[in-house]
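Per-entry structural report
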Amino acid sequence: VQLQASGGGLVQAGGSLRLSCVASGSIVSFDAVAWYRQAPGKQRESASVASISSSGSTRYVDSVKGQFTISRDNAKNTVYLQMNSLKPEDTAAYYCKAYQKGRVYWGQGTQVTVSS
């Protein structure tokens, strides 16, 4: 399984970005997909920013509730992270992670930079 993350970029505070995580196989077989982030000079956060299960249940870290939305398009084997009202503190490399029958797969990061 390979995951390809994209959609990052440079945006002004208050702007929006949509990240995509495209899987090489069917995401229907994934137990869950999550987004993590790693701010500059810091370790990757241990808790996911957002996650979505195979049933479509979603979870968010408190700091992004109401700001980020995770969704999935099974036909496109893609999980999205819609990020609105971005703040400078959202600046980070964002990684997608898939869980499948006890195995974990990581995508490469996509950089999000929010300027003030």
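Please refer to the structure placed before this passage.
What counts, and where the lines are drawn
Residues numbered from 1 in each chain as written. Predicted model: local features only at pLDDT ≥ 70, side-chain atom pairs only at ≥ 80, totals over all residues. Heavy atoms only, no water. Helix = DSSP H or I, 4+ residues; strand = E, 2+ residues; numbered from the N terminus. Rg over C-alpha atoms; globule rule 2.2 N^0.38 Å. Buried < 20%, exposed > 50% of the residue type's maximum accessible area, 1.4 Å probe, protein only. Contact = heavy atoms within 4.5 Å. Areas by Shrake-Rupley, 256 points an atom, 1.4 Å probe, with all protein chains shown as cover. Core = buried A, V, L, I, M, F, W, Y, C linked by side-chain atoms within 4.5 Å. Salt bridge = Lys/Arg side-chain N within 4 Å of Asp/Glu carboxyl O. Pairing = 2+ DSSP bridges. Axes fitted to C-alpha atoms, helices over the stretch in contact; angles between N-to-C directions.

1. A look at the overall build of the protein
A count of helical and extended segments in the protein gives zero helices and eleven strands. Reading the secondary structure of the protein in the N-to-C direction produces β-β-β-β-β-β-β-β-β-β-β. Its C-alpha atoms give the protein a radius of gyration of 13 Å, within 12% of the compact-globule value 13 Å for 116 residues. With the principal axes as the frame, the protein shows a C-alpha extent of 40 × 25 × 25 Å. Looking at the protein as a whole, 43% of its 116 residues qualify as buried. Across the protein, the fraction of contacts at a sequence separation of at least 24, relative to all contacts at a separation of at least 6, is 53%. Looking at the protein as shown, the accessible area adds up to about 6000 Å², and 46% of this sits on carbon and sulfur atoms.

2. Here we look at the nonpolar core
For soluble globular proteins, the rule of thumb is that nonpolar side chains tend to be buried together. Core analysis: the biggest nonpolar cluster contains 28 residues, and Leu 3, Trp 35, Phe 68, Val 79, Leu 81, Met 83 and Tyr 94 have the highest contact counts within it. Of all elements in the fold, only strand S1 (3–6), strand S3 (17–23), strand S4 (32–38), strand S5 (50–53), strand S7 (68–73), strand S8 (78–83), strand S9 (92–100) and strand S11 (110–115) reach the threshold of two or more residues within this core. Aside from chain neighbours lying at most four places away, what touches Met 83 is Gly 15, Ser 16, Leu 17, Leu 19, Gln 67, Phe 68, Tyr 94 and Val 112.

3. Thoughts on the pattern of salt bridges
The full count for this structure, using the stated rule, is three salt bridges. For Arg 37, the salt bridge goes to Asp 90, with nearest N and O atoms at 3.1 Å. Remark: Asp 90 occurs in the loop between S8 and S9 and Arg 37 occurs in strand S4; sequence separation between them is 53 residues. Of the two residues, Arg 37 and Asp 90, both sit in the buried class.

4. Overview of the sheet that holds S3
Taken in spatial order, the four strands make up an open sheet running S1-S3-S8-S7, and their pairing is antiparallel. Single-partner strands in this sheet number two, and they are S1 and S7. Going across the sheet, the axis of each strand differs from the next one's by a mean of 15°, ignoring polarity. Strand direction decides the pairing type here: S1 and S3, joined by four bridges, are antiparallel. Paired with Ala 5 across the two strands is Cys 21, which belongs to S3.

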